[in-house]
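One-letter residues, chain by chain:
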Amino acid sequence: MVVNELKKIRIVVADHNSSYMESLSAFLRISEEASRFIVTYFSEQGKLESYLKRGDIIDIMLISPELYDPMLNLAPETCIILLEDDQLSTRRESMEAVFRYQRLNQLISSILAIYYERNQSAGKLLARSKKTKVITVYSPIGGCGKTAIATNLSKQLALNHAKVFYLNLELLNTTRLYFTSAEDNPSLQIFYYVKAESPQLLSKIEALKKYDAYSMVDYFDIEISADELLEFNEADVKRLINGIVETGAYDYIVVDLDSSLHERNIAAIKECDQIIWPIANDVQSLLKTKSFFEEELKLMGKENIVKDKLTVLLNKYTGSMVGTMGEYGISVDGYLPFIENWINMQSSSEILGNEQFNQELQSIIHDKIIVELEGVSTIG
């Protein structure tokens, strides 16, 4: 996956409410969004007009109605967005607008959704101070803990100051058991925009993604819709993953797959940079894994597509091994403990907050995942 380093989005914020601008400025300085933007702030009309006379490139003008004047020296391609006090005012027909009093991360998403819709090639022009790494969690073994690993991996990567997107492509997903958001609109529409090859895809990613505050992870809240996933083909998966990459926001995309060999799973495996492959501590897991690699050429169309990106994790490890890995041609890269409390899990904090499990996962992250990005600058 090739990532271009091009330009940042230049935003001018103009508002009389200086305390609000200070809050917005502080949020952007410390957030993972900082690397995406160059932001200039103005609270006085005269200083704003003097700045605009210089003719600098402005991608987004975020401005309060009191300071907006149709005669301002703005280029036709500048995306003008009104910063409204009243949520009902955002329904103006003539101009785009956002409600100022929403969570700041949601405000940024709302602004970008409008910008991408107005500028359909904008995603290709974003600054990229890092390479987005796509990690797929897959195994042909049902019940080996793929989703538990994928969700915990997402959170633990976020704790390493990374910006993470969790993408669940399971036929029957359980995302709502792990991630929740104050935003109540579901994300299922994203499949429509992917399959329609919509030029508005980046806009819709920004509009439909959610943020889980506990895990600090972005995700899609996708209601279970098996027919949508069964129709998802290789081109759709590639389009969706690359759309998330093109937002320029993420260090990691963690793709959670079920154990089938559906076309969407094979596509995600081909598209990723690294495969986390959980196995259980039983002979069935070892035999299924061995069989997959013996048939890799037939299944994937090419040898070593999986093996070259593979990180095998023995999950639910109790301290003793069933069988000898060498007999099955399997090399284990990490061990994750069996957590008895998860059998009767009651809340997301129980499965995302287990210290024993996450200590082991952090060791694997630093040994097998983050180490591969040495030399690539990340957001700070």
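All of these numbers come straight from a predicted model, not from anything done at the bench.

A. Expanded view of helix α3 (residues 104–118). Taking 1.5 Å per residue as the helical rise, α3 with its 15 residues ought to reach 21 Å, and the 21 Å between its terminal C-alpha atoms agrees with that figure. For α3, the complete set of buried residues consists of Q106, L107, I108, S109, I111, L112, A113, I114, Y115 and Y116.

B. Inspection of the sheet that holds strand β5 (residues 96–99) at higher detail. Strand order in the open sheet made by the 5 strands is β2-β1-β3-β4-β5, with parallel pairing throughout. Looking at the sheet topology across the chains shown, the edges are occupied by β2 (37–42) and β5. With strand direction ignored, the average angle separating the axes of adjacent strands in the sheet is 25 degrees. Bridge count between strand β1 (residues 9–14) and strand β3 (residues 60–63): 4 bridges; the pairing is parallel. Within β3, the residue paired with V13 across the bridge is L62. Relative to β2, helix α2 (residues 45–52) is tilted by about 135 degrees, and along the sheet it contacts β1, β2 and β3.

C. The pairing of β1, seen in detail. In terms of burial, β1 is a largely internal element, 5 of the 6 residues being buried. Here β1 pairs with β2 via 6 bridges, running parallel. Following the sheet pairing, A14 is matched in β2 by F42.

D. Here's a closer look at the sheet that holds strand β10 (residues 252–256). Judged by pairing direction, the sheet is mixed, and its 8 strands sit side by side in the order β8-β9-β7-β10-β6-β11-β12-β13 without closing on themselves. The open sheet terminates on both sides in strands that have one partner only, identified here as β8 (209–212) and β13 (334–337). Strand after strand, the sheet turns through a mean of 25 degrees between neighbouring axes, direction not considered. With 2 bridges joining them, strand β7 (residues 164–168) and strand β9 (residues 217–220) adopt parallel strand pairing. Note on β9: the bridge partner recorded for Y166 is Y219.

E. Layout of the pattern of salt bridges. Per the counting criterion, the structure on display carries 15 salt bridges. Here D56 ties to R54 by a salt bridge, and the two come within 2.7 Å at their closest N and O atoms. A salt bridge links K209 to E206; the shortest N-O distance between them is 3.1 Å. Residue E206 is classed as buried on the basis of its relative accessible area of 2%. Taken together, the salt bridges that share partners define one network made up of K163, E206, K209 and D218.

F. Seen up close, the nonpolar core. Among the nonpolar cores identified, the biggest contains 49 residues, and L167, I190, F220 and I279 are the most heavily contacted of them. With 5 residues, helix α8 (residues 234–246) is the single largest residue contributor to this core. Once residues within four sequence positions are removed from consideration, I190 is found in contact with L201, K204, I205, L208, F220, I222 and L240. Ranked by size, the runner-up nonpolar core spans 29 residues in total, among them I135, A150, Y166 and L313.

Reading the values: rules and limits
- Residues numbered from 1 in each chain as written.
- Predicted model: local features only at pLDDT ≥ 70, side-chain atom pairs only at ≥ 80, totals over all residues.
- Heavy atoms only, no water.
- Helix = DSSP H or I, 4+ residues; strand = E, 2+ residues; numbered from the N terminus.
- Expected span 1.5 Å × (residues − 1).
- Buried < 20%, exposed > 50% of the residue type's maximum accessible area, 1.4 Å probe, protein only.
- Pairing = 2+ DSSP bridges.
- Axes fitted to C-alpha atoms, helices over the stretch in contact; angles between N-to-C directions.
- Contact = heavy atoms within 4.5 Å.
- Salt bridge = Lys/Arg side-chain N within 4 Å of Asp/Glu carboxyl O.
- Core = buried A, V, L, I, M, F, W, Y, C linked by side-chain atoms within 4.5 Å.

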